[in-house]
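Chain by chain, the residues run as shown.
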Amino acid sequence: MASRLTFSQSATKFHAHRPHRTRSQVDMSQTSKFVKKLASNDRATREATFKALSKYLSSRNAAKLDTLEMEKLWKGLYFSMWFCDRPGPQQRLAENLGSLYSSHIPASAFPRFVEAFWVIMIREWPTIDQWRIDKYYLLIRRVVRHCFRQLKQQNWDSKLVQGYLEALEKHPLSGNQSVGTALPYHLCDIWMDELERVVFEKDDEENEEQDEEQDDENVLEKLENVPVDTLVEPFAKLSKSAALKTLREKCKAEVLEDKRYQKWSTQNDDEEEEDVDEEEWKGF
């Protein structure tokens, strides 16, 4: 007669036949839970899930997520904005979603999280109706703002800046005709505004008169280490390569010819020095 298995022996035998879940499977399961709850019709559920997600992205787990998993998360976040109706809550949610880039996601995962956002925005853009379009414009503005803040917090690390710009050039600033033209147009509209806001730590209430009061010495101090020309380079490329003439002109008018860029660009300084040298040379 066979002897009975003890409890510990039974547990050992059970676990020996139980499929082992890899770390990636655990992460995927966690991601799926977030996505489902973020897309909930219930506001309280969405808010509680967002808080949990913020903590999750601040942990070491975020660095292990691949781009596909981040896209899933952004799909859920996209729908959390979709179900947010009133102006006040929309502004708060857009700010909270943007802050994921500056206050939660680790620098190592930052470029992938940027890419995930734009993949979802491009994919979903054709489905956004006229009643919801403004809140997604607002969301894009806040994401751009907080991405600049992350770069500033990392002292404009060249690799991080490059990773950020590569994500933009791969998606919204690619010139690809599959990208809704409103997206690169909107980036042209807000790019210099948001860069100025982050570099000079401006509030929404600050006006142009205060801008004029900034002396050159203060401006140079604030712009130290800021790779202005590098940050504008994707628009310079698009101004030459975009298939649409209107987009090429938009990049030039709103970014390259912006008076702030003209003032901050080191390239313009070099050109002025060359002009001075040419004027001073009298020939033989």
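This text follows the structure it describes.
Everything numeric here is computed off the predicted structure, so don't read it as measured data. (Residues numbered from 1 in each chain as written. Predicted model: local features only at pLDDT ≥ 70, side-chain atom pairs only at ≥ 80, totals over all residues. Heavy atoms only, no water.)

Draft legend 1. Quick look at the overall build of the chain. Helix and strand content of the chain: 16 helices and zero strands. Taken across its 284 residues, the chain has 42% of its residues classed as buried. (Helix = DSSP H or I, 4+ residues; strand = E, 2+ residues; numbered from the N terminus. Buried < 20%, exposed > 50% of the residue type's maximum accessible area, 1.4 Å probe, protein only.)

Draft legend 2. Quick look at helix 7 (residues 110-124). Along its 15 residues, helix 7 runs 21 Å from first to last C-alpha, staying within 8% of the 21 Å computed at 1.5 Å per residue. Here helix 7 lies mainly inside the structure; twelve of its 15 residues are buried. When helix 7 is considered as a whole, its buried residues turn out to be Phe110, Phe113, Val114, Glu115, Ala116, Phe117, Trp118, Val119, Ile120, Met121, Ile122 and Glu124. Where helix 7 is buried, its residues contact helix 3 (43-58), helix 5 (67-82), helix 6 (87-104), helix 8 (133-153), helix 9 (158-170) and helix 10 (182-199). (Expected span 1.5 Å × (residues − 1). Contact = heavy atoms within 4.5 Å.)

Draft legend 3. Just the pattern of salt bridges, in detail. Applying the stated rule across the entire model yields 21 salt bridges. The partner of Arg123 in a salt bridge is Glu71, with the nearest N and O atoms 3.6 Å apart. Within this pair, whereas Arg123 is found in helix 7, its partner Glu71 is found in helix 5, the two being separated by 52 residues in sequence. Take Glu71: its relative accessible area is 15%, and that puts it in the buried class. The partner of Lys237 in a salt bridge is Glu169, with the nearest N and O atoms 3.1 Å apart. A residue pair is termed long-range when its members are at least 10 positions apart, and Lys237 in helix 13 (residues 228-241) and Glu169 in helix 9 qualify at 68 residues. Note on Glu169: relative accessible area 23%, which makes it partly exposed. It is possible to trace a salt-bridge network through shared partners that takes in Asp193, Glu196, Lys202, Asp258 and Arg260. (Salt bridge = Lys/Arg side-chain N within 4 Å of Asp/Glu carboxyl O.)

Draft legend 4. A look at the environment of Lys222. As for its position among the elements, Lys222 is in helix 12 (residues 216-223). Between the C-alpha atoms of Lys222 and Glu201, which are 21 residues apart in sequence, the distance is 9.4 Å. Excluding its chain neighbours within four sequence positions, the residues that come into contact with Lys222 are Val199, Phe200 and Glu201.

Draft legend 5. Structural view of helix 14 (residues 245-256). Over its twelve residues, helix 14 runs 15 Å from end to end, which matches the ideal 16 Å to within 8%, given 1.5 Å per residue. Each element contacted by the buried residues of helix 14 is listed here: helix 10, helix 13 and helix 15 (259-264).

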